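Structural overview
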Amino acid sequence: MSANRRLSKSTVSRATCRHYLTRAQPDRHTSVHHRLLTMGENIMYNWRAEIRRLAPKPILWKLTPMRLFWASEVHGGRDNFGDELSPLIIKKLFHITVKHSSIATADMIALGSLLGAVEDHVDNLRPYIWGTGFIESGGDYTGRPIRVRAVRGRQSLSRLRHVAPQTVALGDPGILTSIAFPSLVGIEKKYHIGIIPHSFDQDSAEIDKASRLPGVHIIDVHKPALRVIKEISQCKIVFSSSLHGLIVSDSFAVPNFWIRLSDKLEGGTYKFKDYYSTFNVERSPADLAESLSQASNLRRAWKPLDGIHETQVSLIDAFPTLPSFRSAAPFPAACKPQSAALTTSRRPA
């Protein structure tokens, strides 16, 4: 019985082989036709990719949405307001339609600590880098070619010098939030103290304890970005373990202080020190409980970072766009004359 089964299987196997071998002859023209169609589709796809790679992006963005990569739903499947700043600011300031894309197909990577991911995943489209940084210390960039217009800070720039032009803007574009949303500048203060825990710090015992104190408002970074921005602008003072909580506070001139609530953040203090290096200052994280006990004194002693307006101007000028793309949004008075002069000399790249 088992021998018959083996014989039967062997017979079927040989018959099956003969069937496919003889079938190949009559279907030869169909196979060639299919290969030609596939080749034509590949050629069309490659041409489209090549056109997108070579076409001046500011012109391309008039015809089709900008392909922008930003980290999305990486914190337990929830968006983070700092990541969402990227499309918000670009849409608002430069009136460009944006759609989310992968790193491999992106026209631009902006904000965030994404240069490590770019190094690993960038393809041959040479995306623009605008205000992005590394998340941790390391060696020089070894990925495929990129077009560096701005990076978050001097530490990130030092690792890109071999691929970056001689002049590169410094700063995180989150510093432009007050320009993108001028109606929130000078808004009435609603909260005495705002605390912005990083996504990884939200379950901290210190946050739970602080949330019960009078006058303290905990800002959830997973809320819609516009809501988070508004709540920050409504605070009299901010304590934050979220980098973009500090950056947006700086943009609105809200007194703010960096706090450490855990050691869970990837890269530790690297991205914070990278951001502050833009302004040639060094900062260290403070203890939350001690900061809360001295909140009034800290608020009175706080001074804004030197060079914020200059950083805003240089970031705006570094954005790869045409003069006609410039936003009609009101720029700070300190930015107007210089910004207007710089925009007339911009050329698409």
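As a reminder, the structure under discussion sits directly above these lines.
Scoring rules and cut-offs
- Residues numbered from 1 in each chain as written.
- Predicted model: local features only at pLDDT ≥ 70, side-chain atom pairs only at ≥ 80, totals over all residues.
- Heavy atoms only, no water.
- Pairing = 2+ DSSP bridges.
- Helix = DSSP H or I, 4+ residues; strand = E, 2+ residues; numbered from the N terminus.
- Contact = heavy atoms within 4.5 Å.
- Axes fitted to C-alpha atoms, helices over the stretch in contact; angles between N-to-C directions.
- Core = buried A, V, L, I, M, F, W, Y, C linked by side-chain atoms within 4.5 Å.
- Buried < 20%, exposed > 50% of the residue type's maximum accessible area, 1.4 Å probe, protein only.
- Polar contact = N/O pair within 3.5 Å; in protein donor to acceptor, adjacent residues only side chain to side chain.

Considering the sheet that holds strand β1 (residues 66-69)
Judged by pairing direction, the sheet is parallel, and its six strands sit side by side in the order β2-β1-β3-β4-β5-β6 without closing on themselves. For this open sheet the edge positions go to β2 (98-100) and β6 (169-170), each flanked by a neighbour on one side alone. Across three bridges, the pairing between strand β3 (residues 108-110) and strand β4 (residues 128-132) is parallel. The residue of β4 that forms the bridge with Ala110 is Trp130. Together, β1, β2, β3 and β4 form the strand contacts of helix α4 (residues 81-94), whose direction differs from that of β1 by roughly 150°.

Let's talk about the nonpolar core
Inside soluble globular proteins, nonpolar side chains tend to come together where they are buried. Grouped together as the largest cluster of nonpolar side chains are 53 residues, with contacts concentrated most on Met66, Phe81, Ile90, Met108, Trp130, Leu176 and Phe319. Tallying contributions element by element places α4 first for this core, with six residues. When residues no more than four places from it in sequence are discounted, the contact partners of Ile90 are Met66, Leu68, His95, Ile96, Val98, Met108, Ala110, Trp130 and Phe319. Residues Ala106, Ile129, Tyr141 and Tyr270 belong to the second largest nonpolar core, which totals 21 residues.

What about helix α9 (residues 225-233)?
When α9 is considered as a whole, its buried residues turn out to be Ala225, Val228, Ile229, Glu231, Ile232 and Ser233. The secondary structure elements touched by the buried residues of α9 are α4, α7 (177-180), β7 (193-196), β8 (216-218) and α10 (243-251).

Observations regarding the environment of Ser233
The residue Ser233 is located in helix α9 in this model. Residue Ser233 is classed as buried on the basis of its relative accessible area of 1%. C-alpha separation for the pair Ser233 and Val254, spaced 21 residues apart in sequence, amounts to 6.8 Å. A distance of 2.7 Å separates a polar atom in the side chain of Ser233 from the backbone oxygen of Lys230.

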